Amino acid sequence: MATEQKKAVMSHESNAPVQQPDDPFAYEQEGFHKGLGARQLQMIAIGSAIGTGLFLGAGGRLETAGPSLFILYAVCGFFGYLILRALGELVLHRPSSGSFVSYTREFYGERSAFVSGWLYWLNWAMTAVADATALAIYIAWFGQYESMAFLGEIPQWVVALIVVVAVVSLNLVSVKVFGEMEFWFSLVKVGALLLFLVIGIIFVIFGTPTGTEVGFSLITSEGGLFPNGFLPAIIVTQGVVFAYAGIELVGTTAGETKDPEKVIPRAVNSVILRIAVFYVGSVVLLCMLMPYTAYSADESPFVTFFSSIGVEAAGPLMQLVVITAAMSSMNAGIYSTGRILHSMSVAGSAPKFAGTMNKAGVPVGGILLTAVVALFGVALNFWVPAQAFEIVLNIAAIGTMASWAAIAMSHQKFLQLVKLGQYTRPGYQAPGGRFADWLVIAFIAAVMVLIAFDYPVGTYTLVAMVAVIPFLVIGWFVVRDRVREIAAARDGYTGTYPVVGTSPGQELLTQRSHRPEDPRGGASGDPDGSR
């Protein structure tokens, strides 16, 4: 034990990286299998954020904000890209399935990891509810056809329940099953959007089969970029942020990815092109193909467009693609929360059950815990089916903001310690340095204000989230003894933040840091002070 303590102290005395030769965080990865290859991770990176936020949420956002929605997607996408680059650098510093929660633990300690981890879990748990709700709406859409009228008669909560059970069951098999499902889900989503972009561009240039008006004139003749005013457009920003909620999934998959040093940078770098083409490009085209008033929150804008071009099968086929997108988003959320809860469980911040793993390397405990909350979403669909999606969307957006803040704060702390000589930056580095991190924090604060102004749903949601604070405080006091006991087994060392304040290693470090300087340049009484 003394030898290990000496290692910890020496790492603080010298300019060597703080991370120990025997990685103190390696325990987080025990039991996981390296089951994800470059092919799967690349497609996960491309498709992770293409879900209900774009396929369903864009309809209601277009109805409220008008054509200015593409500007909001571009701005939020820019900040999302900065976040992902910061996370990419942290991942190459130390790959972990605990993702930014593990980095928060390393740079700010167990209490901060506890808060960020549970807020992130809440984010994805609510996203699972949103996806289950969206899927129920998507499937009921087919009820308008006589041959499938029975689908419209199935209660929304029943469909949501079936979806939750199916996705959770598949996630319990193995990481390879998740990877293959997400690969094909993402392939379908990306293929459908590319098809829409090609058809949309052709229609804008050569006209539609029905002869309806297309082009920029649809934007100018319907009130310009801000037909309903500037404030309504800005307030929908939280819904746009929700659309980008899956981009950090690349960080979570790093711990189960082969050769992350090569795969992660390529995956992250693909994001900026994805944002420009799939989000900004799609919304611009939607506004040039139909008036923004043609879209609504009740139907995917892509289905609205394809149903309008006179090709009878186009609408139903696009609706199937939209269902695939929602299944993909929910699949990713169940996967991510399972890994995050496992990381928290082995550190003592979550129930021991959440750390349970099966022989295939799947954190079954964490996945089943998330499934319980997803079942709460089923109940929400039973009580308030009309408002279910908007309520959970706002909660998920707040959770996304918390996770982005944790990434930005961890990255800026990492860079601060690099400047002090305690860490070494990897070859893949985020642009903008600490300035970009603080810029992201300012953006997050602005979005939180906008959520508060989104009355009534946004305002009430933010007030409800304040009620979460006492639960986090109580939760920390419940688990802190176990957290400190586990941390003590690691000499109280969790990175730059010693959780066990009285550990021998920390006492020695404190004593050395308070000794008067020796004229020879070393600490008084230090036999090596002449170095």
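Residues numbered from 1 in each chain as written. Predicted model: local features only at pLDDT ≥ 70, side-chain atom pairs only at ≥ 80, totals over all residues. Heavy atoms only, no water.

Engineer: Which residues make up the overall build of the protein chain, and what values do they have?
Structural biologist: Within the protein chain, the regular secondary structure consists of 24 helices and zero strands. Per-residue burial for the protein chain yields a buried fraction of 57% across its 531 residues. In the protein chain, the share of contacts with a sequence separation of at least 24, taken over all contacts with a separation of at least 6, comes to 81%. As displayed, the protein chain offers around 20800 Å² of accessible surface, 68% of which is attributable to carbon and sulfur atoms. (Helix = DSSP H or I, 4+ residues; strand = E, 2+ residues; numbered from the N terminus. Buried < 20%, exposed > 50% of the residue type's maximum accessible area, 1.4 Å probe, protein only. Contact = heavy atoms within 4.5 Å. Areas by Shrake-Rupley, 256 points an atom, 1.4 Å probe, with all protein chains shown as cover.)

Engineer: Before we move on, can you summarise helix α10 (residues 175–206) with the specific residues and values?
Structural biologist: Given a rise of 1.5 Å per residue, 32 residues ought to cover 46 Å, and the 46 Å separating the end C-alpha atoms of α10 matches this to within 8%. Following α10 by one or two positions, glycine 207 adopts a phi angle in the positive range, close to 95°. (Expected span 1.5 Å × (residues − 1).)

Engineer: Mind laying out the pattern of salt bridges, listing which residues take part and the relevant values?
Structural biologist: Per the counting criterion, the structure on display carries three salt bridges. Put simply, glutamate 89 and arginine 425 hold a salt bridge, and the shortest N to O gap is 2.6 Å. Residue glutamate 89 is found in helix α5 (residues 69–93), and its partner arginine 425 is found in the loop between α20 (388–419) and α21 (433–453); the two are separated by 336 residues along the sequence. Across the salt bridge formed by arginine 105 and glutamate 110, the nearest N and O atoms sit 2.9 Å from each other. A relative accessible area of 0% places arginine 105 in the buried class. (Salt bridge = Lys/Arg side-chain N within 4 Å of Asp/Glu carboxyl O.)

Engineer: Let's hear about the packing of α5 against helix α6 (residues 99–108): which residues, and what values?
Structural biologist: Two numbers describe how α5 lies on α6: the axes approach to 11 Å, and their chain directions differ by 70°. If you check the angle between α5 and α6, you find them roughly perpendicular. From α5, Leu87, Leu90, Val91 and His93 reach across to α6, where they touch Ser99, Phe100, Tyr103, Glu106 and Phe107. Here the residues of the contact of α5 with α6 are counted per class, giving six nonpolar, two polar and one charged. (Axes fitted to C-alpha atoms, helices over the stretch in contact; angles between N-to-C directions. Parallel < 35°, antiparallel > 145°, perpendicular 65-115°, else oblique. Nonpolar A, V, L, I, M, F, W, Y, C, P; charged D, E, K, R; others polar.)

Engineer: Residue-level account of the packing of helix α17 (residues 301–308) against helix α18 (residues 314–346), with values.
Structural biologist: Where α17 meets α18, the closest approach of the two axes is 7 Å, and the angle between their N-to-C directions is 165°. Between α17 and α18, the crossing angle belongs to the class labelled roughly antiparallel. The chirality of how α17 crosses α18 is right-handed. Contact residues: α17 offers Phe302, Val303, Phe306 and Ser307, while α18 offers Ala314, Gly315, Met318, Gln319 and Val322. Across the contact of α17 with α18, the residue classes break down as six nonpolar, three polar and no charged. (Left-handed = near helix turned anticlockwise from the far one by under 90°.)

Engineer: So, helix α4 (residues 57–65): which residues are in play, and what are the values?
Structural biologist: Among the nine residues of α4, seven are classified as buried, and the element is accordingly described as predominantly covered. Of the positions making up α4, those classed as buried are Gly57, Ala58, Gly59, Gly60, Arg61, Leu62 and Ala65.

Engineer: Which residues make up the side chain of histidine 411, and what values do they have?
Structural biologist: As for its position among the elements, histidine 411 is in helix α20. The contact partners of histidine 411, leaving out residues within four places of it in the chain, are Ala86, Glu89, Leu90, Arg425, Ala430 and Asp437.

Engineer: Pulling in residues and values, what's your account of the packing of aromatic side chains?
Structural biologist: The tally for this structure, following the rule as stated, stands at 15 aromatic pairs. Arranged with centres 5.0 Å apart and planes meeting at 90°, the rings of phenylalanine 196 and phenylalanine 302 form a pair that is edge-to-face. Linking phenylalanine 196 in helix α10 with phenylalanine 302 in helix α17, this pair joins segments that are 106 residues apart in sequence. The residues phenylalanine 196 and phenylalanine 302 share a single accessibility class, namely buried. Taken together, Phe196, Phe203, Phe302, Phe305 and Phe306 form an aromatic cluster joined through their ring pairs. (Phe/Tyr/Trp six-rings, centres within 6.5 Å; stacked < 30°, edge-to-face > 60°.)

Engineer: Please give an account of the environment of methionine 401 that cites residues and values.
Structural biologist: For methionine 401, the location among the structural elements is in helix α20. For methionine 401, a relative accessible area of 1% translates into the label buried. Sequence separation of methionine 401 and alanine 245 is 156 residues, and the distance between their C-alpha atoms is 8.9 Å. Excluding residues within four positions of it along the chain, methionine 401 makes contact with Val241, Ile444, Val447 and Met448.

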